[in-house]
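Reading the structure
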Amino acid sequence: TASGTTITVPTGKTLIGTDEGAFRVPGTILQVVDVTGTTTGSTTSTTNVRVGIEAAITPKSSSSKIIVLCSATLRWQHGDCGFTALHRKIGSGSYSEIKTFSRHTHYRSFDTSASSGQQVPINYVDSPATTDTVTYQWAMNRFSSGTATFLPNPSNGDSQNWTLMEIAQ
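This section reports on the structure supplied with the text.

Basis of the calculations
Residues numbered from 1 in each chain as written. Predicted model: local features only at pLDDT ≥ 70, side-chain atom pairs only at ≥ 80, totals over all residues. Heavy atoms only, no water. Buried < 20%, exposed > 50% of the residue type's maximum accessible area, 1.4 Å probe, protein only. Helix = DSSP H or I, 4+ residues; strand = E, 2+ residues; numbered from the N terminus. Pairing = 2+ DSSP bridges. Polar contact = N/O pair within 3.5 Å; in protein donor to acceptor, adjacent residues only side chain to side chain. Contact = heavy atoms within 4.5 Å. Core = buried A, V, L, I, M, F, W, Y, C linked by side-chain atoms within 4.5 Å. Salt bridge = Lys/Arg side-chain N within 4 Å of Asp/Glu carboxyl O. Patch = residues over 30% accessible without salt bridge, like charges linked within 9 Å, V, L, I, M, F, W, Y side chains within 5 Å. Areas by Shrake-Rupley, 256 points an atom, 1.4 Å probe, with all protein chains shown as cover.

Turning our eyes to something else, we now look at the pairing of strand E10 (residues 160-167). In regular strands, side chains alternate between the two faces of the sheet. Most of E10 sits out of view: six of its eight residues are buried. The sheet contact formed by strand E3 (residues 29-37) and E10 spans eight bridges and is antiparallel. Bridging from a neighbouring strand, Thr36 pairs with Asn161 of E10.

Encoded structure:
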């Protein structure tokens, strides 16, 4: 029975929503997307270049927030350093930078076959305000001059792992 702003479901009865999203509880996870890959890429650019794999989610509601978690092993050559960034594309649009992360430095000198690097995470809460597919990708650039090369997912078998979680609002 309905009374004012309250609906009471009697004992022994079940409330069934026939449409997807019929019941929305703010703060609950609506869906989770996990993507793992070992696609390698590199750049010696001093401007952002998208590298590695993409991760996509199609929000069920335009008011949802998306928690973006990503982790990859990155290597810098010759003691150089760089910035990493998160790029987002909505639908068939273009990518744009939505967050720049702090400078990362690896002071050891590596050749391209080196097997060590620095684990670098991305943790971000996004509000894309859409129900179109939202695609995320890692971007990076070289900070200083020289011969630095950034290698997400080095050839030693490390992978780039994305987790996207849609949170109801």
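Having seen it, we continue.
Another aspect to go through is the side chain of Gln137. By the element assignment, Gln137 lies in strand E9 (residues 134-142). For Gln137, a relative accessible area of 8% translates into the label buried. Separated by 3.5 Å, the side chains of Gln137 and Arg50 make a polar contact. Among the polar contacts made by the side chain of Gln137, one reaches the main-chain carbonyl oxygen of Gly52 at a distance of 2.9 Å. If we skip the residues at most four places from it in the chain, Gln137 touches Arg50, Val51, Gly52, Ile53, Glu54, Ala85, Leu86, His87, Tyr95 and Trp162.

Let us now look at the nonpolar core. Counting 21 residues, the largest nonpolar core has Val68, Leu86, Tyr136, Trp138, Trp162 and Leu164 as its most contacted members. For this core, the secondary structure elements donating two or more residues are strand E4 (49-57), strand E5 (65-74), strand E7 (96-105), strand E8 (118-126), E9 and E10. Beyond its immediate chain neighbours, meaning those up to four positions away, Leu86 contacts Val68, Ser96, Glu97, Ile98, Lys99, Phe101, Ile122, Tyr124, Tyr136, Gln137 and Trp162.

If you walk through the whole model with that rule in mind, you get one salt bridge. Asp126 is paired through a salt bridge with Arg88; the nearest N and O atoms lie 2.7 Å apart. On the criterion of sequence distance, the pair formed by Asp126 in strand E8 and Arg88 in strand E6 (residues 81-90) is long-range, its members being 38 residues apart. Residue Asp126 shares its accessibility class with Arg88, and that shared class is buried.

What follows covers a nonpolar patch on the surface. Residues Ile7, Val9, Leu15 and Phe23 make up a contiguous nonpolar surface patch of about 410 Å² in total accessible area. As for its position among the elements, Val9 is in the loop between strand E2 (6-7) and E3.

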